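Architecture at a glance
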Amino acid sequence: MLLFRIVLAVLLTNAEEPVCQLWEKSESPQFYKEGDIMLGGILSFHFIFQAANPSYKTVPETSKCVGFGDFQIAAAMMFTIEEINNRSDILPGVILGYKIFDACGSTSMAVRAAMALMTEQDQVKTPNKSCTRSSSVPAIIGHSGSSQTIGITATLGPFNIPVISHFATCACLSDKKEYPTFFRTIPSDYYQSRALVKLVKYFGWTWVGAIRSDGNYGNYGMATFLQLAEQEGICIEYSEAVKRSNLREKFLKVVDVIKQSTAKVIVAFTTYSDFEFLVTELTFQNVTGLQWVGSESWASTRNLATPTNFRVLGGTIGFGIPNIVVPGLKEYILNIHPSTEPGWNELWESTFSCSLSAQKQTTSVKPCTGMENLKQVNNDFTTLTEQAIHYNMYKAVYAFSYALHNMLSCSDGQGPFTNRTCADKKKIQPWQVLQYLKTTNFKTKIGEYIYFDKYGDPPAKYEILNWQLNKEGIVKFALIGLYDASLPEGQQFIMNNNSIIWTGNQTKVPRSVCTDSCLPGTRKAAQKGRPACCFDCIVCSEGEITNTTDATECLICPLEYKSNYQRDQCILKEIEFLSHGEIMGISLVVISLLGAGGTIIVASVFFSYKDTPIVRANNSELSFLLLFSLTLCFLCSLTFIGEPSQWSCILRHTAFGITFVLCISCVLGKTIVVLMAFRATLPGSNVMKWFGPTQQRLSVCSFTLIQVSICTLWLTISPPFPIKNMKHSTEKIILECHVGSVVAFYAVLGYIGFLSAMCFILAFLARKLPDNFNEAKFITFSMLIFCAVWITFIPAYISSPGKYTVAVEIFAILASSFGLLCCIFIPKCYIILMKPEINTKKYLMGKMPSKSL
């Protein structure tokens, strides 16, 4: 119990006064300058991190960093701070200092540096100091890499310490829920990914390969690119990831994928260091003829643009950050000397191959004299090739300075905090600087307005560069366009296509499609198991068209239109009907008029010889009525010729039905008269009194009146009407008359057939009655022709297409009419005109057979 009380007392004491104590030696900054307000910096002065191999028995050795990196960027940061300190219009009376740490290209080292910036450097001397104190810096600038920046921001975010990056482009850092304290002066890769998609689409490439860095920069950037590319109809044949730490086998596999692919364009969203290894392998295997499209991380890197790499990367199109020169920076760098800052010692010794330390001096390494001058050196550090990065660092330092200036210039009652209060100027808190950074808006000495949107990103602006080889054999980055995301959609690209040199030193845009575009008149049909950009082009069916390239569906033409031969336009269908102007129509009109004229001539002959025995013996009244009805039959065929209308459709069917019934009624009357006349010659027969002239007229009128009644009922219930027949043919519209009521139509035809059959039967029964001129013989033959014509008309009518259907109907009318005219009246006219000697009553009443016919 006593022991429990002692432990509880110790815990309560420690809970009331928490202390911080480092477990190992704290990190030391690469560059340090004392100031009233300290600005933190995390850069990679070395790119290769050699971690110690722990034995778990002793304290691990200090990790080593090799390979020179961001010394120029550090110089740009220090130059900007010196420039601000020398200005009187911003932060007057305040001296800015800095602590710049080396992350050595490692995320873990970057996080260690961030933790070091959060704490005081004297923690080893005062191990029991409280943990509740604030950060030693109000803001941190860095890192150049997205992965390292993510680690820094994730670590510092819970403490509301703002981080401003000059070169971390990962779109993931725009997520304010995950990284609420992050800002940057370089555009987000989200905009670069969108710009890459639009650039690929601008040149008409729909079949591309994709290479990315296997890290946050490449994975996030390529993920956005792939998503947007799919929306724009761009297909990705393959997507491979590379990393500088991969074994050579991995790079060989990626090269094999590239060599076996059919895509002629490759989009590479990689860092310079990762892509360099891949280019080395591509150059070794001489993989040329591909059009590369690059992100700004490598497409604007001078170190990669060598004549050797140009064999593979020649004609590359890529993005670059606007290359703006920071005035005075080069002079500052050329005047750097290690005597003013020991952080430059390593670079100095490497540049001049000397040693500043007596311990390192050997027979092969001479001591530095101190008289060395960077102005006499021409290397990567003094030439300032990557000025875009320097300008972004310049803007980042100024963004912090203006936020700090606005905070220190705050007047009571106008502040952004509770009750419109201002920050405590004697004790600056990082979260207060964070609030002012969100509303920072200033203009640089160069004339550019700097501000951050709600995601902490600046406006996205890129240069579009083209790798070209000049006359001296040096690779140059030709400026061929600009991309400004702040401009309206469709106006964001400003291109100069005439100056582009493509892969293989070509001036024509290379093609990279899985399948060539489907021309108008065809549609795309997806190939099973392949991307949407791989398809077959199928010709549209008859009556369908496409008038655009790469159409996915054919459009159906309106009913009155048809597709042309190319299937790319709907044209009006031909209108078909039996016209008066065509040869067939003219022929039928002529034949109809000849038939009517011939009938009139026969009637004239009969009228002229109406008192002769042969005319009188054959019931002249019915003969003239029959000739009149035959004339109407010939003329009614004219109503079938011409464009159908409401009245012509009604007239052609009713006129045909009534005139033919009138005609057949007259023939039937004549047949009955012949039968009754011979029956009357029998002894005691008085049959003719029941079928005299009056009864004959009544029978003709009665038979005809029945047909008139049927036609009247037809017109009342459902009369014929014109229609456009589009079902019979897809190439033309057939104008025809629809019968309306099918029952009424067949009733009209059936009634004509009934009278014709009755007439034929009666005439056939009377064909052998004794007489020198028995008219029943000719009526039998005429009705035989009549019935034969109309029986054969049925299959011909059904099988005839379009206007030929009407022609067949007219032919049946004319043929049957000519049959009646020729069989009944022509023999009589022959006797009247050519054999007048037998046109006597004695001959006609003779009992011997006639030998004259």
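Residues numbered from 1 in each chain as written. Predicted model: local features only at pLDDT ≥ 70, side-chain atom pairs only at ≥ 80, totals over all residues. Heavy atoms only, no water.

An unreviewed UniProt entry annotates the protein chain as Extracellular calcium-sensing receptor-like originating from Erpetoichthys calabaricus. Word for word, the UniProt comment on the protein chain under Subcellular location (unreviewed entry) is "Cell membrane". For the protein chain, the Sequence similarities (unreviewed entry) comment in UniProt is given as "Belongs to the G-protein coupled receptor 3 family." (UniProt positions renumbered as here; feature names shortened; annotations may be inferred.)

Here we take up the UniProt feature "transmembrane region" (unreviewed entry) in the protein chain. When the UniProt feature table is mapped onto this chain, "transmembrane region" (unreviewed entry) is found at residues 583-609, 621-642, 654-678, 698-717, 743-766, 778-798 and 810-833. Spanning residues 621-642, this segment combines 73% helix with 0% strand, and its end C-alpha atoms are found 35 Å apart. Within residues 810-833, the helical portion is 100% and the strand portion 0%, while the C-alpha atoms at the span's ends are 31 Å from each other. (Helix = DSSP H or I, 4+ residues; strand = E, 2+ residues; numbered from the N terminus.)

On to the state of the cysteines. Counting across every chain of the model gives nine disulfides. One disulfide bridge connects Cys-235 with Cys-533, the sulfur atoms lying 2.1 Å from each other. Its torsion about the S-S bond being 90 degrees, the disulfide of Cys-235 and Cys-533 is classed as right-handed. Pair noted here: Cys-235 is in strand 10 (residues 235-242) and Cys-533 is in the loop between strand 21 (522-526) and strand 22 (535-539), with a separation of 298 residues, a long-range link. Across a sulfur-sulfur distance of 1.9 Å, Cys-649 and Cys-737 are joined as a disulfide pair. Judged by the sign of its S-S torsion, about -80 degrees, the cystine formed by Cys-649 and Cys-737 is left-handed. (Disulfide = S-S within 2.5 Å.)

With that settled, consider the nonpolar core. Residues Phe-31, Leu-199, Trp-344, Phe-400 and Leu-404 are the most contacted members of the largest nonpolar core, which totals 98 residues. Ranked by the residues each element gives to this core, the list is headed by helix 14 (residues 387-408), at 14 residues. The contacts of Phe-400, once residues within four sequence positions are left out, are Ile-37, Leu-39, Leu-96, Pro-138, Ala-139, Ile-164, Val-433 and Leu-437. If you look at the next biggest cluster of nonpolar residues, it comprises 65 residues, including Val-589, Leu-662, Ala-763 and Val-789. (Core = buried A, V, L, I, M, F, W, Y, C linked by side-chain atoms within 4.5 Å. Buried < 20%, exposed > 50% of the residue type's maximum accessible area, 1.4 Å probe, protein only. Contact = heavy atoms within 4.5 Å.)

This part covers the side chain of Asn-725. Along the chain, the position of Asn-725 falls in strand 28 (residues 721-725). For Asn-725, a relative accessible area of 17% gives the class buried. In terms of polar contacts, Asn-725 uses its side chain to reach the side chain of Glu-736, at 2.9 Å. Not counting the four nearest positions on each side in its chain, Asn-725 is found in contact with Lys-732, Ile-733, Ile-734 and Glu-736. (Polar contact = N/O pair within 3.5 Å; in protein donor to acceptor, adjacent residues only side chain to side chain.)

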